[in-house]
Amino acid sequence: MKLAPGSSIVILTGAGISAESGLRTFRAADGLWEDHRVEDVATPEAFVRDPQLVQRFYNERRQQLKNVQPNAAHHALARLEREWPGDVLVVTQNVDDLHDRAGSRNLIHMHGELLKARCLVCGHVCSWSDDILAESACPSCARIGRLRPHIVWFGEMPLELDRIGDALERCHLFAAIGTSGNVYPAAGFVSMVAPGTHTLELNLDASMVSSVFTKCRQGRATELVPAWVEELLK
Ligand code: APR
């Protein structure tokens, strides 16, 4: 497939792109995410029921980021953004900061970010790199103990859907990398592009929505993504 210079590209990424950096995916064989059931830690109801458990869970995930690095797939997407003669937008479902650290700048974290906290009182969103504790104060309104992780939990609305929708309608190529296609609305993005748009899935195995893509390549993200970016930039 040859794309004209100036064409715009939208790339959706999921947990599979960070797997080879050492972060576990959500739907591995045991069905658990870091030893928890998703509904015990990733819903607004769970936060009401047991805020300490939920904060501890996300505090651990935040600490874990200090021990992982972006891999060749994150770096390849940052290179594509730098060198492609057109728009490149990365929309990630991942709450890690590996795309940011690799250098992607036109980036939407549609499911939120581990390195941000949100105040339940004033709504202020701020950078947060350490644990959120019962005594943590909001830097904006100073209320104590009312910060939550800036994460989109099940049952909550993903972020920046209008901007994502506009980019999908206008793009010439849509690629999905390392996502199982289980969670909407992200799983439906491939169906939101204009008729005739190239669509490509790069994933370890077939996803729930593979049949909707015009092309699929199976393998590890650290191998598939750099090779694909090389082809595009040739
Ligand atoms: N290279 C490429 N793909 C991989 C790799 C790899 N090294 N390792 C795993 N994969 C694939 C898996 O085969 C799977 O299809 O990545 C996909 C990961 O799927 P999920 O664990 O379901 O993660 P994701 O699709 O990102 O989940 C979506 O679900 O729990 C919620 O909010 C959470 O953002 C998350 C959303």
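Below, the structure is looked at part by part.

Reading the values: the criteria
- Residues numbered from 1 in each chain as written.
- Predicted model: local features only at pLDDT ≥ 70, side-chain atom pairs only at ≥ 80, totals over all residues.
- Heavy atoms only, no water.
- Near = heavy atom within 4 Å.
- Polar contact = N/O pair within 3.5 Å; in protein donor to acceptor, adjacent residues only side chain to side chain.
- Areas by Shrake-Rupley, 256 points an atom, 1.4 Å probe, with all protein chains shown as cover.
- 1 Å grid on protein atoms, 1.4 Å probe; cavity = no way out; pocket = protein on both sides within 12 Å on 5 of 7 lines; lining within 4 Å.
- Sits in = over half its atoms within 2 Å of the grid points.
- Nonpolar A, V, L, I, M, F, W, Y, C, P; charged D, E, K, R; others polar.
- Pairing = 2+ DSSP bridges.
- Helix = DSSP H or I, 4+ residues; strand = E, 2+ residues; numbered from the N terminus.
- Axes fitted to C-alpha atoms, helices over the stretch in contact; angles between N-to-C directions.
- Contact = heavy atoms within 4.5 Å.
- Core = buried A, V, L, I, M, F, W, Y, C linked by side-chain atoms within 4.5 Å.
- Buried < 20%, exposed > 50% of the residue type's maximum accessible area, 1.4 Å probe, protein only.
- Points joined across faces, edges and corners; volume = space filled by probe spheres on them.

## Considering the site of the ligand
So, step 1. Around the ligand, a shell composed of 21 residues is seen, among which Phe26, Arg27, Thr179, Ser180 and Asp205 lie nearest.
So, step 2. His111 is positioned with one of its side-chain polar atoms (N or O) 2.8 Å from an oxygen atom of the ligand.
So, step 3. Coverage of the ligand by the protein chains reaches 91% of its 740 Å² of free accessible surface.
So, step 4. The cavity where the ligand resides is the largest pocket.
So, step 5. For the shell around the ligand, the per-class residue count stands at 7 nonpolar, 10 polar and 4 charged.

## Observations concerning the sheet that holds strand β9 (residues 215-218)
So, step 1. If you trace the 6 strands from one edge of the open sheet to the other, you get β3-β2-β1-β7-β8-β9, paired in parallel fashion. Every other strand in the sheet has two partners, leaving β3 (107-109) and β9 as the edge strands with one partner each. Neighbouring strand axes in the sheet, compared pairwise and without regard to direction, differ in orientation by 15 degrees on average.
So, step 2. Relative to the sheet, helix α7 (residues 161-170) contacts β1 (9-13), β2 (88-92), β3 and β7 (173-177), its axis offset from that of β2 by approximately 135 degrees.

## Describing the sheet that holds strand β4 (residues 112-119)
So, step 1. A sheet is described by the order of its strands in space; here 3 strands give the open sequence β5-β4-β6, paired in antiparallel fashion. Strand pairing shows two members of the sheet lacking a second neighbour, β5 (125-127) and β6 (147-151), which therefore form its edges. Ignoring which end each strand starts from, the neighbouring axes of this sheet average 45 degrees apart.
So, step 2. Strand direction decides the pairing type here: β4 and β5, joined by 3 bridges, are antiparallel.

## A closer look at the nonpolar core
So, step 1. In terms of nonpolar packing, the biggest core is built from 23 residues, with Ile9, Ile11, Leu77, Leu80, Ile177, Val225 and Trp228 touching the most fellow members.
So, step 2. Listed by contribution, the elements that provide at least two residues to this core are β1, α5 (72-83), β2, β7, β8 (198-203) and α8 (221-233).

## What to know about empty space enclosed by the protein
So, step 1. As enumerated under the stated definition, the model contains 2 cavities of 30 Å³ or more in all.
So, step 2. Considering the residues around the largest cavity, the lining is formed by 14 residues, among which Leu23, Arg24, Phe26, Val95 and Asp96 are closest to the centre.
So, step 3. Among the residues forming the lining of the largest cavity, the class breakdown is 7 nonpolar, 3 polar and 4 charged.
So, step 4. The volume enclosed by the second largest cavity comes to roughly 70 Å³.
So, step 5. The wall of the second largest cavity is formed by 13 residues, among which Leu12, Ala176, Thr179, Ala187 and Val209 lie closest to the centre.
So, step 6. Counted by class, the lining of the second largest cavity contains 8 nonpolar, 4 polar and 1 charged residues.

## Some words on unusual backbone geometry
So, step 1. A cis amide bond links Tyr184 to the next residue, Pro185, at an omega of 10 degrees.
So, step 2. With respect to the helices and strands, the residue Pro185 is situated in the loop between β7 and β8.
So, step 3. In this structure, Ala142 takes a positive phi of about 70 degrees despite not being glycine.
So, step 4. Along the chain, Ala142 falls in the loop between β5 and β6.
So, step 5. In this model, Glu160 sits at a positive phi of 60 degrees, which is unusual for a non-glycine residue.
So, step 6. Locating Glu160 in the fold gives a position in the loop between β6 and α7.
So, step 7. Judged by its relative accessible area of 42%, Glu160 falls in the partly exposed class.

## Digging into the environment of Glu39
So, step 1. With respect to the element layout, Glu39 can be found in helix α2 (residues 38-41).
So, step 2. For Glu39, a relative accessible area of 41% translates into the label partly exposed.
So, step 3. Separated by 31 residues in sequence, Glu39 and Ser8 have C-alpha atoms that sit 37 Å apart.

So, to be careful, I would describe these as geometric facts and stop short of saying anything about function.
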